[in-house]
Amino acid sequence: MKPDLQSAVIDFLRFPLIIGVLLLHNYPATVNIVAGQIGNDTLLPVSTICREFFSQTLGRICVPTFFFISGFLFFLHIDKFTGGVYVKKLKSRAKTLLIPYLFWNLLSLAVFYTVYHAPILSSFFSDTQEYTWQYLLQALWALPHDGAKVANYYPIAYQFWFIRDLMVMVFLTPVIYFLVKKFRLYTVSILGILWFFEWWQMYLPWLAGQGLDSKALFFFTAGAWFGINKRNVIDDADKMAKWAFMLYPPIAIVNVLTRLYVPDIRLYLSCVNNSAILIGVAASFALAAYLLKTGKARVNTFLASASFFVFAVHDPLFLSRLRNRVFAVFRPESDGSLTTVYFLLVIVVAVVALGLYWLLQRYLPKFTRIITGGR
């Protein structure tokens, strides 16, 4: 039963984690359009706390958990990591990662190009872009995102930085396997320290922005350690469940307060935030296992299979544009209106994406499998 429960927990977590990603990407309380800034980024009792808790606290658990799951599943059924196994895995990940990655980024490029060159549609955008070969190549790997630092370079479909980094991790699996087998938990611990204190981002920002992020390295390798050693994630999550459930609420509250009142103390902020992530990842597995074992929840196969599509389609063509139009039309500035818009946008995007996935799966099943990596 335990291996089945382990698989069920992973499937159960997929959709809630994707909703967390949507909440994370819906964090801003203001938007910038041609007419100027709309919204309200001042401290508001409900809206601000909701955004800090759901986006910047709960939402920050999601991507690390996905990296952990990916590393775990990659090595789960491998008894000996040979060159033949590596090539087979690369071919498999080309279908599940590379093809969807190229499709969704090329789709974004095509849509943006069309909009930029269509006068009726260009009002949706506040700037124009010259489509040089250099830009096109960068757009498929790493573009500066909203003028951010090098460590925040994303592809044009910005959420696909996760898939980009995951492909880099897959490419590096022989190195990861060797280090985990040779140095065991020391490898995971060193990568964890580099991530926890953000030393990797600080001293190697270019690598971090080109697909070699410390978050990916640490959590993928941690998952790989569980997979290589054939450990049952649920057993270990159960052992930590009591402490995780006790510690997560207070650390989450401290994290929200830290972000609100001491955001300039970078080391303190990162340590509190990363502590919340570590405890939150453990709590997520433990909570999912508890809900499934007690029958309080069950795996919805449709939601689990739709998760990647929701992730792929939600932005930059949907959520960001919808937020801009909603803010431009309704101009939310009060606490209540901003809170309503914050949750409503995520619900609308998720429902529409699920409906579109259902239609595609029903009428274009082969195409849908290709663009979602066969999920």
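Note that the structure is predicted; figures quoted are calculated from it, not measured. As a convention, each chain's residues are numbered from 1 in the sequence order in which they are written. For this predicted model, a pLDDT threshold of at least 70 governs which residues receive local features, and a threshold of 80 or more governs which side-chain atom pairs are given and counted, while totals over whole chains, interfaces and linings are taken from all residues. In computing side-chain properties, one takes all heavy atoms of the structure into account and sets aside hydrogens as well as water.

Even after reading the chapter, I still don't get the overall build of the chain, so can you show me in this structure?
Strands here mean DSSP runs of E at least two residues long; helices mean DSSP runs of H or I at least four residues long; both are numbered from the N terminus. A tally of regular secondary structure across the chain gives 16 helices and four strands. C-alpha atoms define the radius of gyration in this analysis, and the globule rule sets the expected value at 2.2 Å times the number of residues to the power 0.38. Taken over C-alpha atoms, the radius of gyration comes to 21 Å for the chain, in line with the 21 Å a tight globule of 375 residues would show. Overall size of the chain, expressed as C-alpha extent along the three principal axes, is 60 × 45 × 45 Å. Classification of the 375 residues of the chain by burial places 50% in the buried group. Residues count as neighbours in contact if any of their non-hydrogen atoms are within 4.5 Å of one another. Considering only contacts in the chain between residues 6 or more positions apart, those separated by 24 or more positions represent 79%. Note on areas: Shrake-Rupley, 1.4 Å probe, and residue coverage restricted to the protein chains presented here. When the accessible surface of the chain is totalled, it reaches about 18900 Å², and 67% of it is carbon and sulfur. Classification of residues uses two cut-offs on accessible area relative to the type maximum, computed with a 1.4 Å probe and protein chains only: under 20% is buried, over 50% is exposed, and between them is partly exposed.

Looking at this structure, I do not really get the environment of S92. What am I missing?
Summarising the element assignment, S92 is placed in helix α3 (residues 83–116). The class of S92 is partly exposed, set by a relative accessible area of 31%. Spatially, the C-alpha atoms of S92 and G373 are 9.5 Å apart, while their sequence positions differ by 281 residues.

Would you mind going over helix α11 (residues 233–261) with me for this structure?
By definition here, a helix of n residues has an expected span of 1.5 Å times n minus one. With 29 residues, α11 extends only 36 Å from end C-alpha to end C-alpha; this falls clearly short of the ideal 42 Å at 1.5 Å per step. Bend is computed residue by residue as the angle between axes fitted to the seven residues ending at the residue and the seven residues starting at it. Along α11, the sharpest change in direction is near 55° and occurs at M240. Every buried residue of α11 is accounted for by V233, I234, D236, A237, A241, A244, Y248, I251, A252, N255, V256 and T258. In protein, a polar contact means a hydrogen-donor-capable atom and an acceptor-capable atom, both N or O and within 3.5 Å, with residues adjacent in sequence counting only if both atoms are side-chain atoms; elsewhere, any N or O pair within 3.5 Å suffices. Sitting at the amino-terminal end of α11 is N232, which places a side-chain oxygen 2.9 Å from the backbone nitrogen of I234.

Even after reading the chapter, I still don't get the packing of aromatic side chains, so can you show me in this structure?
To describe a pair of aromatic rings, you give the distance between the ring centres and the angle between the ring planes. Geometry of aromatic contacts follows a simple scheme: Phe, Tyr and Trp rings, the Trp one being its six-membered ring, pair when their centres are within 6.5 Å, and the pair is stacked under 30 degrees between planes, edge-to-face over 60, tilted otherwise. According to the stated counting rule, one finds 32 aromatic pairs in the structure shown. With centroids separated by 5.0 Å and ring planes inclined at 80°, the aromatic side chains of F53 and F54 adopt a geometry described as edge-to-face. A relative accessible area of 28% places F53 in the partly exposed class. Exposure remark for F54: the relative accessible area of 26% places this residue in the partly exposed category. Judged by centre distance (6.3 Å) and plane angle (80°), the ring pair of F162 and F311 falls under edge-to-face. Taken together, the positions of F162 in helix α5 (residues 161–171) and F311 in helix α13 (residues 301–313) put the pair 149 residues apart, joining distant regions of the chain. Take F162 and F311: they sit in the same class, and that class is buried.

These figures capture arrangement, not role.
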